[in-house]
Amino acid sequence: MNRWIERSVFLLAAAAMVIVAAAIPTRRVQEDTQPEVYVYRGYAAATDAPWSERSLDFAVKRLGHLLETYFTGEGYRRYLAVVPDKAQFTEPPEGYAPAGARETADYLAQRLPVEEIGIAPLLSLEDYYRTDPHWRQERLHPVAQALADAMGVSLPDTAEESLHTLAGEFHGSYWGKTAEPLAADVLSYITSPLLDGCAVYDYETDSTGGVYDLTAAEKAPYDLFLSGSKALLRIENPAAGNDRTLIVFRDSFGSSLIPLLAQGYGTVYAVDIRYLATDALARVVTFPEEADVLLVYSATVLQNSVTLK
């Protein structure tokens, strides 16, 4: 499929998804109140991920349909990792209990044909930004290594890596929403000759760039990582030394994690079914018949899974 047709098919599929999404009712996180943003030891968190069996059952339905539609062959190895909500590492306000990542992962793994990879024990409050719900890429090596070990792939050592920092302060999505003032964050990112050589193809814009998008970061700093909210990307790593493929179904937490995992694979697909419906994928991309398939979602998204299409 040439690139013009590839992009045209993508845009048609995305348009169809918008029509379908318009018919899906939104659901508030809690019955009567909007989520509260609070501060614990200088870190802002939100009350937006309570345990919801109804939401998890919907996630099972959507993710199960995804796996059954595209990844039933013997060549696919299927994995699940759940990113803890930052509130899990705080003392939340009275009356609110954040859903645990381990319990969330267990619930899904018992109902989906996946191998669970537990990453919650590798994380702490300090691995997240103070003013934003996301985790910090420079703290994710243990997580990336645990995932790589479970999937049987080797990641390069960190000897050739460099740490860079975006100019200016990083004010995350919780900034200005708390009564208690917050210290601004610094947004850092990891580079290496291997990462610099990776090429990222964006199906929507029919363009190729790198794993970091400094232009996008000028408007939204976290969009530095894989250009932010993107439905479908393909990362080619010519220096991988293998032809293995990783297909990651993810939310925004995957944006900063995937570059670290891409160092161990020849090709990585990053798919966000919040922006591209599962049933539209076949009209946009043909996945190889052998690959590692990783579902990596935050507990917050899974406990509010109406966003999955």
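Please refer to the structure placed before this passage.
Rules used in this analysis
- In this convention, every chain numbers its residues from 1, walking through the sequence in written order.
- Only residues with pLDDT of at least 70 get local features here, since the model is predicted, and only at 80 or more are side-chain atom pairs given and counted; chain-wide, interface and lining totals rely on the full set of residues.
- Derived side-chain values reflect all non-hydrogen atoms in the structure, with water molecules and hydrogen atoms excluded from consideration.
- Strands here are runs of E lasting at least two residues and helices are runs of H or I lasting at least four, both read from the DSSP assignment and numbered beginning at the N terminus.
- Residue burial is assigned from relative accessible area. The probe radius is 1.4 Å, only protein chains are included, and a residue is buried under 20% of its type maximum, exposed over 50%, and partly exposed in between.
- Whenever two N or O atoms come within 3.5 Å, that pair is a polar contact, provided that in protein one can donate a hydrogen and the other can accept it, and provided that, for residues adjacent in sequence, both atoms are side-chain atoms.
- Contacts are residue-level and defined by heavy atoms, with any inter-residue pair within 4.5 Å sufficient.
- Residues belong to one nonpolar core when they are buried, are Ala, Val, Leu, Ile, Met, Phe, Trp, Tyr or Cys, and are joined through side-chain atoms within 4.5 Å.
- The aromatic pairing rule takes the rings of Phe, Tyr and Trp, using the six-membered ring of Trp, and pairs them if the centres are within 6.5 Å, calling planes under 30 degrees apart stacked, those over 60 edge-to-face and the rest tilted.
- Two limits define a charge over a ring: the Lys NZ or Arg CZ must be within 6 Å of the ring centre, and within 35 degrees of the ring normal.
- Any Lys or Arg side-chain nitrogen found within 4 Å of a carboxyl oxygen on Asp or Glu counts as a salt bridge.

**Student:** Provide a residue-level description of unusual backbone geometry, including the pertinent values.
**Tutor:** Most of the time, phi is negative for any residue but glycine, and the peptide bond is trans. The phi dihedral of D206 is positive, around 55°, even though this residue is not glycine. Position of D206 relative to the elements: it lies in the loop between β7 (199–202) and β8 (207–209). The phi dihedral of S227 falls on the positive side, at around 65°, and the residue is not glycine. Note on S227: relative accessible area 23%, which makes it partly exposed.

**Student:** Now, about the side chain of Q137: what can you tell me, with residues and values included?
**Tutor:** On the secondary structure map, Q137 appears in the loop between β4 (115–116) and α4 (141–151). Polar side-chain contacts of Q137 include one of 2.8 Å to the backbone nitrogen of I190. At a separation of 3.1 Å, a polar atom in the side chain of Q137 contacts the main-chain carbonyl oxygen of S256. Residues contacting Q137, with those up to four places away along its chain left out, are Y129, S188, Y189, I190, Y212, F225, S256, P259 and L260.

**Student:** Go over the nonpolar core with me, naming the residues and quoting the values.
**Tutor:** A general trend in soluble globular proteins is that nonpolar side chains are found buried together. With 48 residues, the main nonpolar core has W135, L147, L257 and L294 as its most contacted residues. If we ignore the near neighbours within four places in the chain, the residues touching W135 are V83, I119, L123, D127, Y128, Y129, L140, V143, Y222, F253, S256 and L257. Of all hydrophobic cores here, the second largest spans 43 residues; its members include V82, A291, V293 and Y297.

**Student:** With reference to specific residues and values, describe the packing of aromatic side chains.
**Tutor:** The tally for this structure, following the rule as stated, stands at 16 aromatic pairs. Judged by centre distance (6.5 Å) and plane angle (85°), the rings of Y129 and Y222 are edge-to-face. Taken together, the residues Y129 in the loop between β4 and α4 and Y222 in the loop between α6 (214–217) and β9 (232–236) connect sequence positions 93 residues apart. Here Y129 and Y222 have matching classes, each one buried. Ring centres of Y189 and Y212 lie 5.0 Å apart, and the angle between their planes is 55°; on these two criteria the pair is classed as tilted. Residue Y189 is found in strand β6 (residues 188–191), and its partner Y212 is found in the loop between β8 and α6; the two are separated by 23 residues along the sequence. A relative accessible area of 16% means that Y212 is categorised as buried. Pairwise contacts between aromatic rings join Y70, F71, Y76, F249, Y269 and F287 into one cluster. The residue whose ring lies beneath R111 is Y107, and the NZ or CZ to ring-centre distance is 3.6 Å.

**Student:** An account of the pattern of salt bridges is needed here, citing residue identities and associated values.
**Tutor:** In this structure the tally under the stated criterion is eleven salt bridges. With its nearest N and O atoms 2.8 Å apart, the salt bridge here joins K230 to D202. Of the two residues, K230 is situated in the loop between α6 and β9 and D202 in strand β7; the sequence distance between them amounts to 28 residues. As far as burial versus exposure is concerned, K230 and D202 are alike and both buried. What emerges from the salt-bridge pattern is a single network uniting R77, R244, E290 and D292.

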